[in-house]
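As a plain string of letters, each chain reads:
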Amino acid sequence: MAGLRNGSTKSLFKLPEIRFTKLFIDGEFVDSVSGRTFETIDPRTGEVIARIAEGDKEDIDLAVKAARRAFDHGPWPRFSGAERRRLMWKFADLIEEHVEELAALDALDAGKVYLRAKTAEIPGAAEFLRFFAGAADKIHGEVLKMSSELQGYTLREPVGVVGHIIPWNFPTTMFFMKVSPALAAGCTMIVKPAEQTPLTALYYAHLAKLAGIPDGVLNVVPGFGPTAGAAICSHMDIDYVCFTGSTDVGRLVMHAAAASNLKQVSLELGGKSPLLIFDDADLDTAADVALLGNLYNKGEICVASSRVFVQEGIYDKFEKKLLEKAKAWVVGDPFDPAVRQGPQISKRHFDRILSYIEHGKREGATLLTGGKLIGEKGYYIEPTIFINVKEDMIIAKEEIFGPVMALMKFKTVEEAIKSANNTQYGLAAGIVTKDLNVANTVSRSIRAGIIWINCYFGFSMDCPYGGYKMSGFGREYGLESLYKYLQIKSVVTPIYNSPWL
């Protein structure tokens with residue numbers, strides 16, 4: 001069993017005050033039109049943290065009107081890139097001034113490991129803003145040399161009003177992954193945070209106001225997918241929707257976008273990512289990569305390496321090493337500095353993961369370790385590793401989104417490639433080998449949007465990533481994510497009596 005430290009830390013850590021619980025529309029915190037609220041839950045205990053204003057179609061309408069007004073008549077799209085950069089830098093500075101409170105909110109609301117949030121995820125949000133702020137004054141078109149008596153050039157113009165629908169697993173990272181390039185491009189927007197994790201999104205709206213982001217540019221409307229989310233996707237006055245979530249919901253987003261005003265969409269969806277470990281791999285490195293790739297953020301990450309394939313020459317030694325490291329993995333209260341894995345996001349998701357574990361046992365897979373809940377309160381699950389897994393089992397095919405690994409073996413490079421691609425998804429993959437030829441061959445053969453060699457989660461804001469196949473389309477990170485919020489306009493004029501074309 002993994003290390004356990006899931007007792008209360010109330011005496012050790014002062015929990016943050018919940019300051020913002022209303023919708024943020026047109027620069028003001030307001031109640032929902034209906035007056036309804038919903039509970040946001042502490043996954044450490046299952047207890048209510050606060051009640052949040054519940055946005056619905058009428059509230060989305062108000063937010064869209066504010067965003068449309070800010071885009072069509074407000075200063076933000078008309079600011080110079082340098083002015084947008086200045087305000088985005090101020091926004092970033094304010095985030096860093098409140099890093100401890102924001103990290104505590106994500107730990108409380110999402111079960112994030114507090115130290116990781118404080119040292120990486122919240123500072124990373126500020127860096128997202130600064131990275132794209134640096135691009136805001138470098139949005140250029142091209143001069144075109146045309147083949148007839150014409151001259152032309154292109155403009156990159158902001159796409160307009162954007163709807164961002166973000167998931168619960170990385171409330172801060174996902175917020176700024178989407179908001180930062182859209183702000184730099186000159187767009188206005190409505191953000192719908194996941195109903196499970198609204199607290200930091202509302203705090204960021206407050207900080208945007210303090211930074212001087214004009215009213216109506218950034219609106220935050222917590223609510224539920226079938227109501228607020230559906231209203232965003234089908235709204236006739238939203239120009240673009242950027243969604244991260246499940247493949248099933250991604251289909252609904254596309255359908256609503258097509259059935260309304262044919263708005264553009266970007267989808268970052270599910271994954272069932274493979275990690276291929278070859279005979280020449282260092283065992284310690286390989287086991288560390290495999291465990292981190294599967295258990296980071298309690299497995300609630302779309303690129304998790306939940307299918308681990310190990311070449312048969314080192315399989316037995318690798319299995320032993322992996323088990324040793326898994327048993328030392330500490331699960332517990334995310335405010336505890338010794339903990340590496342906090343609680344799953346909700347009771348519903350907790351039960352879903354446990355049901356997948358039962359599926360695995362019924363289908364004939366063998367539990368190497370884990371498979372049980374931890375403690376009497378909260379949503380904690382042991383790191384779980386299945387062996388004797390067949391590729392047609394549910395646990396090897398479906399995205400579990402939890403700390404559950406399917407461990408399998410292979411003989412040849414060709415077999416490894418075939419197994420890696422034996423999935424409807426194509427978000428990410430990992431390779432562990434010392435052989436550059438193997439790394440090159442395999443990385444070019446796997447149909448996935450990002451491949452990590454001898455590492456995992458090698459994310460950087462200047463490196464784009466996104467899906468192949470049913471993992472979606474469009475790219476996050478990098479300048480590609482800026483360009484999706486821009487559309488190209490061509491301007492052409494005739495040339496008279498020019499000595500050359």
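Everything quoted here is computed from the prediction, not taken from an experiment.

Before going further, it helps to spend a moment on the overall build of the protein. Helix and strand counts for the protein stand at 15 helices and 24 strands. A compact globule built from 501 residues should have a C-alpha radius of gyration of about 23 Å, and the protein, at 24 Å, falls within 12% of that. Principal-axis analysis of the C-alpha atoms places the extent of the protein at approximately 75 × 60 × 40 Å. When burial is assessed residue by residue, the protein has 58% of its 501 residues classed as buried. At a minimum sequence separation of 6, the contacts of the protein that also span at least 24 residues come to 75%.

Reading across the sheet, the seven strands line up as β16-β19-β20-β14-β13-β21-β22 and stay open at both edges, with mixed pairing between neighbours. Of all the strands in the sheet, just β16 (366-369) and β22 (450-453) have a single pairing partner and so form its edges. Across this sheet, the average inter-strand angle for adjacent strands is 25°, counted without regard to direction. Relative to strand β20 (residues 404-410), strand β19 (residues 384-387) is paired through three bridges, and the arrangement is parallel. Bridge pairing links T384 to V404 in β20.

It is worth spelling out helix α6 (residues 199-211) at this point. Taking 1.5 Å per residue, 13 residues should reach 18 Å; α6 reaches 19 Å between its end C-alpha atoms and fits that length. Within α6, eleven of the 13 residues are buried, leaving the element largely enclosed by the surrounding structure. Residues of α6 that are buried include every one of L199, T200, A201, L202, Y203, Y204, A205, H206, L207, A208 and A211, and no others. Backbone geometry just after α6 places G212 at a positive phi near 95°.

Along the chain, L202 falls in helix α6. Given the relative accessible area of 0%, L202 is considered buried. Put simply, L202 and F20 are 182 residues apart on the chain and 6.0 Å apart in space, counted from C-alpha to C-alpha.

Quick look at the environment of L291 now. As for its position among the elements, L291 is in helix α9 (residues 283-295). Not counting the four nearest positions on each side in its chain, L291 is found in contact with Y296, L322, K325, A326, W329 and M405.

Under the 1.5 Å per step criterion, the end-to-end length of helix α4 (residues 114-133) is 27 Å for 20 residues, consistent within 8% with the ideal 28 Å. At G124, α4 is bent by approximately 30°, the largest bend along its length. Along α4, the positions that sit buried rather than exposed are Y114, A117, E121, I122, G124, A125, A126, F128, L129, R130, F132 and A133.

Attention shifts here to the environment of Q487. In this structure, Q487 sits in strand β24 (residues 486-494). For the pair Q487 and R156, spaced 331 residues apart in sequence, the C-alpha to C-alpha distance is 5.5 Å. Q487 has contacts with L155, R156, E157, P158, V159 and Q264, leaving out every residue within four places of it along the chain.

As a further point, take the side chain of D106. You can see D106 is positioned in helix α3 (residues 99-110). As a buried residue without a salt bridge, D106 has its nearest oppositely charged side chain in K112, at a separation of 6.4 Å. Other than its neighbours up to four places away in sequence, D106 contacts G111, K112, I122, P171, T172 and T200.

Okay, the pairing of strand β14 (residues 307-311) next. Within β14, five of the five residues are buried, which leaves it mostly tucked inside the rest of the structure. Bridging between strand β13 (residues 274-277) and β14 involves four bridges; their strand directions are parallel. Within the sheet, the bridge partner assigned to L276 lies in β14 and is F309. Handedness of the crossover joining β13 and β14 through α9 is recorded here as right-handed.

The next point concerns unusual backbone geometry. The phi dihedral of D26 is positive, around 55°, even though this residue is not glycine. Within the secondary structure layout, D26 lies in the loop between β2 (23-25) and β3 (28-30). Positive phi values are uncommon outside glycine, yet K469 reaches one of about 50°. By the secondary structure assignment, K469 is in the loop between β22 and β23 (472-473).

Before going further, it helps to examine the sheet that holds β24. Overall, antiparallel pairing links the three strands, which are arranged β6-β7-β24 in an open sheet. Each edge of the open sheet carries a strand with a single partner, namely β6 (143-145) and β24. With direction set aside, neighbouring strand axes in the sheet form an average angle of 25°. Sheet topology note: the strand β7 (residues 150-158)/β24 ladder contains nine bridges and is antiparallel. Along β24, the bridge assignment pairs T154 with S490.

Our focus in this paragraph is a nonpolar patch on the surface. A cluster of nonpolar side chains, contributed by V143, Y153 and L155, occupies part of the molecular surface with about 300 Å² of accessible area. The residue Y153 is located in strand β7 in this model. On the basis of relative accessibility, which here comes to 38%, the residue Y153 falls in the partly exposed class.

With that settled, the discussion passes to the side chain of D59. By the secondary structure assignment, D59 is in helix α1 (residues 57-72). Notably, D59 is buried but unbridged: the nearest opposite-charge side chain belongs to R36, and the N-O separation is 6.6 Å. Once you skip the residues sitting within four places of it in the chain, D59 turns out to touch L23, I25, D31, S32, V33, E54 and V221.

Judged by nonpolar contacts, the single largest core of 112 residues is most densely connected at F91, I95, F175, I277 and F318. The residues touching F175, leaving out its near neighbours within four places in the chain, are I166, F170, V191, A201, Y204, L218 and V220.

In this section: the pattern of salt bridges. One pass over the full model with this rule turns up 32 salt bridges. R44 is paired through a salt bridge with D333; the nearest N and O atoms lie 3.0 Å apart. Here the residue R44 occupies a position in the loop between β4 (37-42) and β5 (47-53), and D333 occupies one in the loop between β15 (330-332) and α11 (347-362), the gap between them amounting to 289 residues. Using a relative accessible area of 3% as the deciding quantity, one classes D333 as buried. Look at the salt bridges and you will find they share partners, linking R68, D72, D237 and D239 into a network.

Definitions and limits used
Residues numbered from 1 in each chain as written. Predicted model: local features only at pLDDT ≥ 70, side-chain atom pairs only at ≥ 80, totals over all residues. Heavy atoms only, no water. Helix = DSSP H or I, 4+ residues; strand = E, 2+ residues; numbered from the N terminus. Rg over C-alpha atoms; globule rule 2.2 N^0.38 Å. Buried < 20%, exposed > 50% of the residue type's maximum accessible area, 1.4 Å probe, protein only. Contact = heavy atoms within 4.5 Å. Pairing = 2+ DSSP bridges. Axes fitted to C-alpha atoms, helices over the stretch in contact; angles between N-to-C directions. Expected span 1.5 Å × (residues − 1). Bend = angle between axes of the 7 residues up to and from the residue. Lys, Arg positive; Asp, Glu negative; His and termini not counted. Salt bridge = Lys/Arg side-chain N within 4 Å of Asp/Glu carboxyl O. Right-handed = clockwise from strand over helix to strand, strands pointing away. Patch = residues over 30% accessible without salt bridge, like charges linked within 9 Å, V, L, I, M, F, W, Y side chains within 5 Å. Areas by Shrake-Rupley, 256 points an atom, 1.4 Å probe, with all protein chains shown as cover. Core = buried A, V, L, I, M, F, W, Y, C linked by side-chain atoms within 4.5 Å.

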